[in-house]
Amino acid sequence: MNTLLALLIAAIGTTICVSATEILQSTNSYLTMADRVHLKKMLEPGLTSNDVTFVYYAVHGYTYLGETLSNNKRGICDLLITAAKDDNNITIEKAFHIASIWRTMGNCQANPPSNVVKMLASAVEKENSSMMELYYAVNGLNALSEKLSRDKVDKVTKAVQSTLRKDDNLWNLGYMFHIASDLGTNGVFAFDRIEDAIIQADEVDGQYLQFEGGLSVTSFLVNGIFKLSNTLKKKPPLTSQQVVKVANYLLSRRSVQTPRGITSLLSALTTLANNDFEKPICITLANEEISISAQQPLVTVKVCDILGAPLTNTFKVIANSATRVGDDVVLFSKQSLQASPTDKTLFAMNFMEMKPERGFYKISITAGSVTNTVTVKVLSDVVVDYMEIGTADADQTTQPKLTRVIFPDKWSQKIEADSQQKVVMRFLLKDGASKKPMRAHQAFVRLSSASSLNGGKTGREIIFVAEPDTSHIYKFDMPVGTAAVNFDYQSGDYNIELIVGDAVLSNPFQWTVATVSLKFPEPTSTERADKSVFYKYKSNVYTTQQEIKHMFREPEKRPAAFVSNLFTGLCLAPVLLLLILWAKLGVNISNFPFSVSAVTFHLGLGIKNITALERYDKLFSFSAYIFRYICAFRNILAETEHVRDPTISPRFGCCYIPRRQ
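Naming follows an unreviewed UniProt entry, where the protein chain appears as Dolichyl-diphosphooligosaccharide--protein glycosyltransferase subunit 2 of Xylocopa violacea. Recorded in UniProt for the protein chain, the comment headed Pathway (unreviewed entry) runs: "Protein modification; protein glycosylation."

Now the structure itself:
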């Protein structure tokens, strides 16, 4: 029983540890100096613009970047005073922008323009003001230090609550948070709605948290939530992981191009970095893709806030462990990082002192109470332990004749190989530090025409893959006769080069080992169709090809004119038969009653027969319907007294003929 309980406790503890490592505690990036330069460049045109809205975003963006506006202050103030005096074109939004810029600039004159204050106050007094108008009015009056009376505060509160009951979308919730924060302690009614907003956030890939609508609405809500929390001195209902994920999303939008997007980004990042409750911390590598080698043994970690500034509190930076990716081998545990004497955000450790093998390592870094994992790459030198090259019989009846070549020299003698032989290469790669045999991710043997080196002509080249065996010895065998089609049967001198590369090699190389003279056999159709070749060379693969033109289907062969005329006559024969039968029966056309009913009958009968004729394409069917029509027409034109002729076949219907006198 005790054993089972101990195993259960261990399993629970392991689960908790695994879950704890998956908890996101730190951002992986921050606002770098390059980001600041980019954002500043995008904001610069707004400082000299004649559009108040454009100036509003430029001024606030510059303020969040910590840039001074002294060089443009006079021009901006003149623009604000001119815009404020234009009573015909001033709107509640424009009045808000003027008031906000006025406060940021530090008051361009003694008193703010009276018509701006009047426009903002009118939106508060209006009965049917929207949430956006109330936000502009309350925030603008607060920027101009115009306090609202108790009655107006109650009126705004009731209007906000009434609107939220009708429509509580994300933008209205954001307006409410901002309005409530400007009302001071009277805005406590909005604090409970923070959870309603947070629950609508979307999580992406377990790393990002954003609101539907993108950067603008996410920034607006983040600013409103923390602004209200700071006003009420109450911690917002956000966990540290949610704050980190929101910061990750904002930092992922650092490439934003519009002035409004830049101001939204900078305002939200500044709010998160300077709030009194949850400040996200960034633990990342000082260089995005750091490679550790004997020449560069230090792992440098940057610990800062999301704006790139150093943290104010004191803490120790410790490397908890370093685990090799792939086999999870732990290299060390609990190593302290030393602070940089020149930069308070940088901490370094000598990683090569641990004698790591080449590969990728995940290092768990803890700064104070925050932990994050960074990945570094350890490089090593590759050494060609030995290289042997030569020829052998293609049928392997004799041992290959190999000559050892020393890296990086080229063998001075030329290798001769004909179609009955094969080119053989054997080499071994070793790690320069551990002297152990190693495998490279890329090991190619390249044969290129030696004539391409002289005269500037482009020669042929073929690249083969060298494969290692179980003892890590790379082997390359190329039967000359079989590979002839790859070279288009062009005999001559070819340079043999060894190309070795890997992501964890500090010295990838391309080594010309020797020159080989290949003598290919004469091409035959059987050899060109051989499917065992690796690649069939095509000399015109990059030349202009013949234009592809659409080809219509060729018309089918038509019969001779005599045959067509013959069948046309046969088709018209029933008409002649009709005239003959009419004459034989003695049709009396003069007795045809030209009445509406008679004409309608014959037209209907003709249409019916034509319709039936479309369904039957046999000549007999056509003749049968013509005969039926003759009989029916004869009955109309005949004498009044009729008898039924039993000799008429029933398939043609009832046909009446006159009684003989």
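There's plenty left to go through after this.
(A) Seen up close, empty space enclosed by the protein. Enumeration over the complete set of coordinates arrives at one cavity of 30 Å³ or more. In this structure, the largest cavity encloses a volume near 70 Å³. For the largest cavity, the full set of lining residues is Ile198, Ala201, Leu209, Phe211, Val222, Ile225, Phe226, Leu238 and Val246. The leading source of residues in the lining of the largest cavity is helix α11 (residues 215-232), at three residues. Each residue belonging to the lining of the largest cavity can be placed in one class, and the counts come to nine nonpolar, no polar and no charged.

(B) View of the pattern of salt bridges. Evaluation of the coordinates by the stated rule reveals 24 salt bridges. The salt bridge involving Asp493 is made with Lys414; its shortest N-O contact spans 2.8 Å. Here Asp493, found in strand β20 (residues 492-501), pairs with Lys414, found in strand β14 (residues 414-417); they are 79 residues apart in sequence, far enough to count as distant. Overall, the relative accessible area of 28% leaves Asp493 in the partly exposed class. Where Lys475 meets Asp469, a salt bridge forms, and the shortest distance between an N and an O atom there is 3.6 Å. By relative accessible area, Asp469 is classed as partly exposed at 21%.

(C) Geometry of the sheet that holds strand β21 (residues 509-518). With mixed pairing, five strands are arranged side by side in an open sheet as β14-β21-β20-β16-β17. Each edge of the open sheet is held by one strand with a lone partner, namely β14 and β17 (461-465). On average, adjacent strands in this sheet sit at an angle of 30 degrees to one another, irrespective of strand direction. As paired elements, β14 and β21 share four bridges and run parallel to each other.

(D) Region of the structure containing helix α9 (residues 170-182). For α9, spanning 13 residues, the distance from its first C-alpha to its last is 19 Å, which sits close to the expected 18 Å at 1.5 Å a residue. Within α9, 12 of the 13 residues are buried, leaving the element largely enclosed by the surrounding structure. Residues of α9 that are buried include every one of Leu170, Asn172, Leu173, Gly174, Tyr175, Met176, Phe177, His178, Ile179, Ala180, Ser181 and Asp182, and no others. After α9 finishes, the residue Gly184 shows a positive phi value of roughly 75 degrees.

(E) Region of interest: the layout of surface pockets. Its volume calculated, the largest pocket comes out at about 960 Å³. Lining of the largest pocket is provided by 36 residues; of these, Tyr56, Tyr64, Tyr135, His178 and Asn223 occupy positions nearest its centre. Here the residues of the lining of the largest pocket sort into 11 nonpolar, 20 polar and five charged. What the second largest pocket holds in volume is close to 720 Å³.

(F) Inspection of the pairing of strand β12 (residues 382-393) at higher detail. Pairing of β12 with strand β15 (residues 421-431), which is carried by 11 bridges, proceeds in the antiparallel orientation. The partner of Val383 across the bridge, within β15, is Lys430. With five bridges joining them, β12 and strand β13 (residues 401-405) adopt antiparallel strand pairing. Considered in β13, the bridge of Gly390 is made with Leu402.

(G) Looking closely at a nonpolar patch on the surface. Taken together, the side chains of Phe562, Val563, Leu566, Phe567 and Leu570 make up a nonpolar region of the molecular surface, amounting to roughly 490 Å² of accessible area. One can find Leu566 in helix α15 (residues 561-585). In this structure Leu566 comes out as partly exposed when scored by relative accessible area, which is 41%.

(H) Fine view of the sheet that holds β12. Taken in spatial order, the five strands line up as β13-β12-β15-β19-β18 in an open sheet, and their pairing is antiparallel. Among the strands making up the open sheet, the edge pair consists of β13 and β18 (467-468).

(I) Summary view of the pairing of strand β5 (residues 298-305). With seven of eight residues buried, β5 lies mostly within the body of the structure. With five bridges connecting them, strand β3 (residues 281-285) and β5 associate as antiparallel partners. Bridge pairing links Ile283 to Val303 in β5. Taken together, the five bridges between β5 and strand β9 (residues 346-350) define a ladder with antiparallel strand orientation. Counted as the bridge partner of Val299 is Met349 from β9.

(J) Structural detail: the nonpolar core. If you look at the biggest cluster of nonpolar residues, it comprises 90 residues, and the most contacted ones within it are Ile101, Val116, Val160, Met176, Phe177, Leu250 and Leu272. If sequence neighbours within four positions are ignored, Met176 has contacts with Met131, Val160, Leu164, Phe189, Ala190 and Arg193.

(K) Structural view of unusual backbone geometry. Here the residue pair Phe407 and Pro408 is connected by a cis peptide bond, since its omega of 5 degrees sits within 30 degrees of zero. Relative to the elements of secondary structure, Pro408 occurs in the loop between β13 and β14. Here the phi dihedral of Lys435 falls at roughly 60 degrees; this positive angle occurs in a residue that is not glycine. Position of Lys435 relative to the elements: it lies in the loop between β15 and β16 (442-449). Judged by relative accessible area, which is 53%, Lys435 ranks as exposed. With a phi angle near 60 degrees, Asp488 is a residue other than glycine that sits in the positive phi range. Relative to the elements of secondary structure, Asp488 occurs in the loop between β19 (473-479) and β20.

Criteria and thresholds
Residues numbered from 1 in each chain as written. Predicted model: local features only at pLDDT ≥ 70, side-chain atom pairs only at ≥ 80, totals over all residues. Heavy atoms only, no water. UniProt positions renumbered as here; feature names shortened; annotations may be inferred. 1 Å grid on protein atoms, 1.4 Å probe; cavity = no way out; pocket = protein on both sides within 12 Å on 5 of 7 lines; lining within 4 Å. Points joined across faces, edges and corners; volume = space filled by probe spheres on them. Helix = DSSP H or I, 4+ residues; strand = E, 2+ residues; numbered from the N terminus. Nonpolar A, V, L, I, M, F, W, Y, C, P; charged D, E, K, R; others polar. Salt bridge = Lys/Arg side-chain N within 4 Å of Asp/Glu carboxyl O. Buried < 20%, exposed > 50% of the residue type's maximum accessible area, 1.4 Å probe, protein only. Pairing = 2+ DSSP bridges. Axes fitted to C-alpha atoms, helices over the stretch in contact; angles between N-to-C directions. Expected span 1.5 Å × (residues − 1). Patch = residues over 30% accessible without salt bridge, like charges linked within 9 Å, V, L, I, M, F, W, Y side chains within 5 Å. Areas by Shrake-Rupley, 256 points an atom, 1.4 Å probe, with all protein chains shown as cover. Core = buried A, V, L, I, M, F, W, Y, C linked by side-chain atoms within 4.5 Å. Contact = heavy atoms within 4.5 Å.

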